[in-house]
Amino acid sequence: EKGGFSSFMDKEIHDQPAAVRDTLLGRLDEKGRLTLDELHIDESVLRSVDKIVVIACGTAAYAGHVARYAIEHWCRIPTEVELAHEFRYRDPIVTEKTLVVALSQSGETMDTLMAIRHAREQGAKVIAICNTNGSSIPRESDASLYTHAGPEIAVASTKAFLAQITAAYLLGLYLAQLRGNMYSDEVIEILDELQKMPEKVQEVIDNEKQVQDLGTQMSDASSVLFLGRHVGFPVALEGALKLKEIAYIHAEGFAAGELKHGPIALIEEGQPVFVIVPSPRGRDSLHAKVVSNIQEIRARGAITIVIAEEGDEDVKQYANHIIYVPQAPSLMQPLLATVPLQVFACALAGAKGYDVDQPRNLAKSVTVE
Ligand code: F6R
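A brief structural summary. Every value quoted in this text rests on a predicted model; they were computed, and no experiment measured them.

### Concerning empty space enclosed by the protein
In this structure the tally under the stated criterion is one cavity of 30 Å³ or more. Taken together, Val204, Ile205, Asn207, Glu208, Val211, Ile323, Tyr324, Val339, Pro340 and Val343 make up the lining of the largest cavity. When residues in the lining of the largest cavity are grouped by element, the largest group, three residues, is from helix α13 (residues 333-351). Looking at side-chain class alone, the lining of the largest cavity contains eight nonpolar, one polar and one charged residues.

### Structural notes on helix α9 (residues 184-206)
Over its 23 residues, α9 extends 34 Å from the first C-alpha to the last, a length consistent with the 33 Å expected when each residue adds 1.5 Å. Its maximal kink placed at methionine 197, α9 deviates by approximately 35 degrees, while the proline proline 198 follows within four residues. Three or more residues of α9 are buried, namely Val187, Ile190, Leu191, Leu194, Met197, Pro198, Lys200, Val201, Val204 and Ile205.

### What about the layout of surface pockets?
Put simply, the largest pocket is a space of about 730 Å³. Surrounding the largest pocket, 27 residues form its lining, His73, Arg283, Pro329, Ser330 and Leu331 being those nearest its centre. Listed by contribution, the elements that provide at least two residues to the lining of the largest pocket are α4 (58-75), α9 and α12 (286-299). A volume near 510 Å³ is recorded for the second largest pocket. If you trace the second largest pocket, you find 23 residues lining it, with Cys57, Gly58, Thr59, Lys364 and Val366 closest to the centre. Of the residues that constitute the lining of the second largest pocket, the class distribution is eight nonpolar, ten polar and five charged.

### Some details on the site of the ligand
Around the ligand, 14 residues are found, and the nearest of them are Ser104, Gln105, Ser106, Thr109 and Glu245. Here an oxygen atom of the ligand sits 3.0 Å away from a polar atom, N or O, in the side chain of lysine 242. Measuring from an oxygen atom of the ligand, one finds a side-chain N or O atom of glutamate 245 at 2.7 Å. Contact with the protein chains covers 89% of the free accessible surface of the ligand, which is 400 Å². When each cavity is represented as a set of grid points, the ligand is found to reside in the second largest pocket.

Basis of the calculations
Residues numbered from 1 in each chain as written. Predicted model: local features only at pLDDT ≥ 70, side-chain atom pairs only at ≥ 80, totals over all residues. Heavy atoms only, no water. 1 Å grid on protein atoms, 1.4 Å probe; cavity = no way out; pocket = protein on both sides within 12 Å on 5 of 7 lines; lining within 4 Å. Points joined across faces, edges and corners; volume = space filled by probe spheres on them. Helix = DSSP H or I, 4+ residues; strand = E, 2+ residues; numbered from the N terminus. Nonpolar A, V, L, I, M, F, W, Y, C, P; charged D, E, K, R; others polar. Expected span 1.5 Å × (residues − 1). Bend = angle between axes of the 7 residues up to and from the residue. Buried < 20%, exposed > 50% of the residue type's maximum accessible area, 1.4 Å probe, protein only. Near = heavy atom within 4 Å. Polar contact = N/O pair within 3.5 Å; in protein donor to acceptor, adjacent residues only side chain to side chain. Areas by Shrake-Rupley, 256 points an atom, 1.4 Å probe, with all protein chains shown as cover. Sits in = over half its atoms within 2 Å of the grid points.

This is the structure:
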């Protein structure tokens, strides 16, 4: 069933173009317009939402963090992302006007389920974004938007992450259109970009050899750091989580802007640091800021592994290793930049001789609180 791949994780990394494509499938009509008829929630309720709270755990929570940038930007609705187990126990402010979006691959994560129950008791509406048909989380939610990543077998989540981002983006666009924050032609334009992503994800996968070699080469590393900014920040967190989970290496993700507020003290000669670089075509000069972060850590001896957009020549001189991903709008970059991090973790763990599908101490679905 591994289809010729050495592990389920490896296979599921390769399933990602299909996971994104299938999650978009059937949700656009022949004119490229968004149709989410499956969301059986009254449109007037969705129009009156004054806050969105995304609840999830682990990788799904990082997908939520990515989605937050898009949802707030498109919908202008204040959006929070919270770990389900923290949300439930801090007496959160939830009203009938709160929309809770619960993200879960398995649909059986008990922490997330308990948070959903709590939110619904306070009158909130809950939309589940889930990969498993008929599981507990969609059953206990008001509505569901399924990700169509197919069954995920490896304990470390890969294709579900990309599918969760895709589905959450669809939801964000739907709300933006419904509430009049966006005209339908703007929505169609973004959907058009989204539809180009499966092919671009495939391009990243086609270049996996370079990253696999890097993973093998770095299998003696005792610590790896990840830096990102804007949507690249949760991607950095996800890259670190993959490495902890399957390679048992100390790994940490930071917001690049936070470097000078503490983490730069960690940098010493030979420290590998992945940096996810925003597009140089983006607004807000974030590219220049992250490039300057790379210079700072390079000057202190870091080995920089830079993930940048094709055509970004400026950053090359500061990279010990450069991994190019196709050009895409900023909000789409997580769907591309995450892939090399997954490949890296998988190759490195494999080089150490670990079973990447069944990492120690972990279970695929966490059905206890
Ligand atoms: C990481 C991973 C976990 C899950 C988390 C939530 O690779 O798999 O962090 O993302 O346990 O699981 P679901 O999405 O099933 O609720």
